[in-house]
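Summary of structural features
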Amino acid sequence: MKKIILLIMVILFSGVASMQGRAQDAKIKTGKKGQADLYNDLYASYGTGTVFYYIDNEGYSANTLSGTFLVGFSRSLNKVIAVGFQMSYTNIGRSSTQYHYVYPNSTPYTIDMTDNLWQGIANIRFRYLNKPSFCMYSGMGMGVTMDYYNKTDPSSTTPNAKGQKLLPAAQLTLLGFRVGRALAFFGEFGIGTNSILNAGVSYRFGD
(Lines give C-alpha, C1' and ligand atoms only; values in the text may rest on other atoms or scores of the structure.)
Protein backbone atom coordinates (compact mmCIF):
# COMPACT_ATOMS: atom_id res chain seq x y z
CA MET A 1 0.00 0.00 0.00
CA LYS A 2 2.82 2.37 0.90
CA LYS A 3 4.47 1.66 -2.43
CA ILE A 4 1.26 2.48 -4.29
CA ILE A 5 0.83 5.77 -2.37
CA LEU A 6 4.49 6.65 -3.00
CA LEU A 7 4.08 5.90 -6.71
CA ILE A 8 0.97 8.11 -6.92
CA MET A 9 2.80 10.96 -5.18
CA VAL A 10 5.73 10.67 -7.58
CA ILE A 11 3.36 10.75 -10.58
CA LEU A 12 1.49 13.77 -9.19
CA PHE A 13 4.74 15.63 -8.43
CA SER A 14 6.05 14.92 -11.91
CA GLY A 15 2.83 16.18 -13.47
CA VAL A 16 2.85 19.41 -11.44
CA ALA A 17 6.52 20.03 -12.23
CA SER A 18 5.84 19.43 -15.93
CA MET A 19 2.90 21.87 -15.91
CA GLN A 20 4.98 24.51 -14.15
CA GLY A 21 7.75 24.11 -16.71
CA ARG A 22 5.33 24.48 -19.60
CA ALA A 23 3.77 27.57 -18.03
CA GLN A 24 7.21 29.11 -17.60
CA ASP A 25 8.12 28.36 -21.23
CA ALA A 26 4.83 29.88 -22.42
CA LYS A 27 5.47 33.00 -20.34
CA ILE A 28 8.92 33.38 -21.87
CA LYS A 29 7.59 32.92 -25.40
CA THR A 30 4.74 35.41 -24.94
CA GLY A 31 6.89 38.03 -23.19
CA LYS A 32 7.37 41.36 -24.94
CA LYS A 33 10.54 41.73 -26.95
CA GLY A 34 12.67 44.78 -26.47
CA GLN A 35 13.29 47.10 -29.40
CA ALA A 36 16.87 45.84 -29.62
CA ASP A 37 15.59 42.32 -30.42
CA LEU A 38 13.43 43.51 -33.35
CA TYR A 39 15.76 43.98 -36.28
CA ASN A 40 13.52 45.54 -38.96
CA ASP A 41 12.49 49.17 -38.62
CA LEU A 42 9.84 50.88 -40.76
CA TYR A 43 9.37 54.58 -40.04
CA ALA A 44 7.75 57.81 -41.20
CA SER A 45 8.50 61.35 -40.06
CA TYR A 46 8.25 65.08 -40.65
CA GLY A 47 11.19 67.46 -40.41
CA THR A 48 12.18 71.03 -41.05
CA GLY A 49 15.36 72.96 -41.71
CA THR A 50 16.75 71.49 -44.94
CA VAL A 51 19.99 73.18 -46.03
CA PHE A 52 18.44 73.65 -49.49
CA TYR A 53 16.26 76.36 -47.97
CA TYR A 54 19.26 78.43 -46.89
CA ILE A 55 21.18 78.15 -50.16
CA ASP A 56 20.74 81.05 -52.55
CA ASN A 57 19.81 79.23 -55.74
CA GLU A 58 21.05 81.34 -58.68
CA GLY A 59 19.76 84.56 -57.14
CA TYR A 60 16.39 83.10 -56.07
CA SER A 61 15.84 83.54 -52.34
CA ALA A 62 13.67 80.93 -50.57
CA ASN A 63 10.55 82.28 -48.88
CA THR A 64 8.28 79.26 -48.31
CA LEU A 65 9.04 75.76 -47.05
CA SER A 66 6.70 72.77 -46.77
CA GLY A 67 9.00 70.82 -44.48
CA THR A 68 10.30 67.34 -45.30
CA PHE A 69 8.03 64.29 -45.44
CA LEU A 70 10.10 61.13 -45.05
CA VAL A 71 9.64 57.36 -45.08
CA GLY A 72 12.39 54.81 -44.54
CA PHE A 73 13.42 51.29 -43.65
CA SER A 74 16.45 49.97 -41.82
CA ARG A 75 17.79 46.55 -40.88
CA SER A 76 19.95 45.95 -37.82
CA LEU A 77 23.14 44.04 -38.48
CA ASN A 78 23.69 43.64 -34.74
CA LYS A 79 22.80 45.44 -31.49
CA VAL A 80 24.81 48.51 -32.54
CA ILE A 81 24.82 48.97 -36.33
CA ALA A 82 21.82 49.34 -38.64
CA VAL A 83 21.76 50.13 -42.36
CA GLY A 84 18.87 51.32 -44.46
CA PHE A 85 17.37 53.58 -47.08
CA GLN A 86 15.01 56.54 -46.90
CA MET A 87 13.05 58.67 -49.35
CA SER A 88 11.76 62.18 -48.76
CA TYR A 89 9.88 65.04 -50.38
CA THR A 90 10.32 68.79 -49.80
CA ASN A 91 8.69 71.76 -51.51
CA ILE A 92 10.47 75.15 -51.51
CA GLY A 93 9.13 78.40 -52.96
CA ARG A 94 11.66 80.95 -54.26
CA SER A 95 11.47 84.39 -55.79
CA SER A 96 13.72 86.99 -57.37
CA THR A 97 12.94 90.65 -58.04
CA GLN A 98 14.12 91.92 -61.42
CA TYR A 99 13.78 95.27 -63.17
CA HIS A 100 12.68 96.08 -66.66
CA TYR A 101 14.49 99.20 -67.81
CA VAL A 102 12.95 101.62 -70.26
CA TYR A 103 14.92 104.85 -70.07
CA PRO A 104 14.60 106.80 -67.88
CA ASN A 105 12.35 104.53 -65.78
CA SER A 106 12.52 100.96 -64.45
CA THR A 107 9.63 98.65 -63.66
CA PRO A 108 10.10 95.86 -61.08
CA TYR A 109 8.74 92.38 -61.65
CA THR A 110 9.06 89.09 -59.80
CA ILE A 111 10.29 85.74 -61.04
CA ASP A 112 8.93 82.82 -59.01
CA MET A 113 10.39 79.33 -58.82
CA THR A 114 9.07 76.24 -57.06
CA ASP A 115 11.45 73.38 -56.22
CA ASN A 116 9.99 69.91 -55.68
CA LEU A 117 12.84 67.96 -54.13
CA TRP A 118 12.73 64.14 -54.11
CA GLN A 119 15.63 62.61 -52.17
CA GLY A 120 16.92 59.07 -51.83
CA ILE A 121 19.55 58.48 -49.14
CA ALA A 122 21.31 55.29 -48.03
CA ASN A 123 22.29 55.58 -44.37
CA ILE A 124 23.95 53.87 -41.44
CA ARG A 125 23.15 54.25 -37.73
CA PHE A 126 25.22 53.59 -34.62
CA ARG A 127 23.25 52.90 -31.44
CA TYR A 128 25.33 53.70 -28.36
CA LEU A 129 22.50 53.26 -25.81
CA ASN A 130 20.25 50.26 -26.40
CA LYS A 131 17.60 49.53 -23.74
CA PRO A 132 14.43 47.41 -24.21
CA SER A 133 12.21 50.49 -24.68
CA PHE A 134 14.71 53.29 -25.30
CA CYS A 135 17.73 53.84 -27.53
CA MET A 136 19.99 56.69 -28.56
CA TYR A 137 21.95 56.80 -31.80
CA SER A 138 23.85 58.83 -34.35
CA GLY A 139 24.05 58.30 -38.08
CA MET A 140 24.97 59.53 -41.52
CA GLY A 141 23.83 59.02 -45.07
CA MET A 142 24.46 60.02 -48.67
CA GLY A 143 22.39 59.92 -51.82
CA VAL A 144 20.88 61.99 -54.62
CA THR A 145 18.20 64.66 -55.00
CA MET A 146 16.03 65.11 -58.07
CA ASP A 147 14.74 68.69 -58.26
CA TYR A 148 11.61 69.10 -60.40
CA TYR A 149 11.19 72.85 -60.66
CA ASN A 150 8.62 75.25 -62.11
CA LYS A 151 9.65 78.77 -63.12
CA THR A 152 7.32 81.68 -63.75
CA ASP A 153 8.98 84.60 -65.56
CA PRO A 154 6.61 87.22 -67.02
CA SER A 155 9.45 88.75 -69.08
CA SER A 156 10.34 85.48 -70.80
CA THR A 157 9.05 84.13 -74.09
CA THR A 158 8.15 81.01 -72.09
CA PRO A 159 6.58 82.51 -68.95
CA ASN A 160 5.89 79.10 -67.42
CA ALA A 161 8.89 76.81 -67.72
CA LYS A 162 9.54 73.41 -66.18
CA GLY A 163 12.73 71.43 -65.76
CA GLN A 164 14.70 69.07 -63.60
CA LYS A 165 18.20 68.82 -62.25
CA LEU A 166 20.22 66.35 -60.22
CA LEU A 167 21.70 67.49 -56.89
CA PRO A 168 23.62 65.76 -54.09
CA ALA A 169 21.91 64.67 -50.87
CA ALA A 170 23.46 64.02 -47.46
CA GLN A 171 22.29 63.88 -43.87
CA LEU A 172 24.23 63.79 -40.59
CA THR A 173 22.28 62.78 -37.48
CA LEU A 174 24.10 64.13 -34.45
CA LEU A 175 21.58 62.87 -31.90
CA GLY A 176 18.63 60.54 -32.32
CA PHE A 177 16.41 58.80 -29.80
CA ARG A 178 13.60 56.23 -29.91
CA VAL A 179 11.05 55.65 -27.13
CA GLY A 180 9.04 52.42 -27.23
CA ARG A 181 9.33 48.76 -28.11
CA ALA A 182 7.67 47.62 -31.37
CA LEU A 183 5.68 50.83 -31.92
CA ALA A 184 7.56 53.93 -30.86
CA PHE A 185 8.11 57.67 -31.18
CA PHE A 186 11.48 58.97 -32.35
CA GLY A 187 13.19 62.31 -32.82
CA GLU A 188 16.42 63.45 -34.43
CA PHE A 189 18.68 66.48 -34.46
CA GLY A 190 21.24 66.95 -37.21
CA ILE A 191 22.10 68.80 -40.37
CA GLY A 192 21.67 67.99 -44.04
CA THR A 193 19.46 68.12 -47.07
CA ASN A 194 16.56 66.47 -45.20
CA SER A 195 16.22 68.48 -41.99
CA ILE A 196 17.69 69.91 -38.83
CA LEU A 197 14.85 68.68 -36.58
CA ASN A 198 12.92 65.54 -37.42
CA ALA A 199 10.23 63.56 -35.53
CA GLY A 200 7.95 60.66 -36.33
CA VAL A 201 6.75 57.14 -35.58
CA SER A 202 8.65 53.89 -35.93
CA TYR A 203 7.54 50.25 -36.06
CA ARG A 204 10.06 47.49 -35.41
CA PHE A 205 9.43 43.83 -36.22
CA GLY A 206 11.11 40.56 -37.05
CA ASP A 207 14.22 38.83 -35.73
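Figured I'd write up the structure that's included with this text. Keep in mind that this is a model prediction, so the values were computed, not measured.

**Quick notes on the environment of Asp41**
Note that Asp41 resides in strand E1 (residues 40-48). What makes Asp41 buried here is its relative accessible area of 3%. Remark: the alpha-carbon pair of Asp41 and Ser202, spanning 161 residues in sequence, is separated by 6.6 Å. When sequence neighbours within four positions are dropped, the list of residues in contact with Asp41 reads Gly72, Phe73, Ser74, Arg125, Ser202, Tyr203 and Arg204. Only 2.5 Å separates the side chain of Asp41 from the side chain of Ser202, close enough to count as a polar contact.

**Some words on the packing of aromatic side chains**
Under the counting rule described, the total for this entry stands at six aromatic pairs. Judged by centre distance (6.1 Å) and plane angle (55°), the ring pair of Phe177 and Phe185 falls under tilted. For the pair Tyr203 and Phe205, a centre-to-centre distance of 5.8 Å together with 20° between the ring planes defines the contact as stacked. Exposure remark for Phe205: the relative accessible area of 33% places this residue in the partly exposed category.

**What about the side chain of Ser76?**
Structurally, Ser76 is set in strand E2 (residues 61-76). Only 3.1 Å separates the side chain of Ser76 from the side chain of Arg127, close enough to count as a polar contact. One polar contact links Ser76 to Arg204, side chain to side chain, over a distance of 3.1 Å. In contact with Ser76, not counting residues within four places along its chain, are Tyr39, Ile81, Ala82, Arg127 and Arg204.

**Description of the pattern of salt bridges**
Two side chains with opposite charge may pair up if their charged atoms get near one another. Within this structure, the stated rule accounts for five salt bridges. A salt bridge links Asp115 to Arg94; the shortest N-O distance between them is 2.6 Å. Here Asp115, found in strand E4 (residues 105-131), pairs with Arg94, found in strand E3 (residues 81-102); they are 21 residues apart in sequence, far enough to count as distant. On the basis of relative accessibility, which here comes to 1%, the residue Asp115 falls in the buried class. Accessibility expressed as a relative area gives 5% for Arg94, which makes it buried. The closest approach of N and O atoms between Arg125 and Glu188, which form a salt bridge, is 3.3 Å. You can see Arg125 sitting in strand E4 and its partner Glu188 sitting in strand E7 (residues 183-192), a full 63 residues away along the chain. Because the salt bridges share partners, they merge into one network encompassing Asp41, Arg125, Glu188 and Arg204.

Rules of the game
Residues numbered from 1 in each chain as written. Predicted model: local features only at pLDDT ≥ 70, side-chain atom pairs only at ≥ 80, totals over all residues. Heavy atoms only, no water. Helix = DSSP H or I, 4+ residues; strand = E, 2+ residues; numbered from the N terminus. Buried < 20%, exposed > 50% of the residue type's maximum accessible area, 1.4 Å probe, protein only. Contact = heavy atoms within 4.5 Å. Polar contact = N/O pair within 3.5 Å; in protein donor to acceptor, adjacent residues only side chain to side chain. Phe/Tyr/Trp six-rings, centres within 6.5 Å; stacked < 30°, edge-to-face > 60°. Salt bridge = Lys/Arg side-chain N within 4 Å of Asp/Glu carboxyl O.

Keep in mind these values describe shape, not function.
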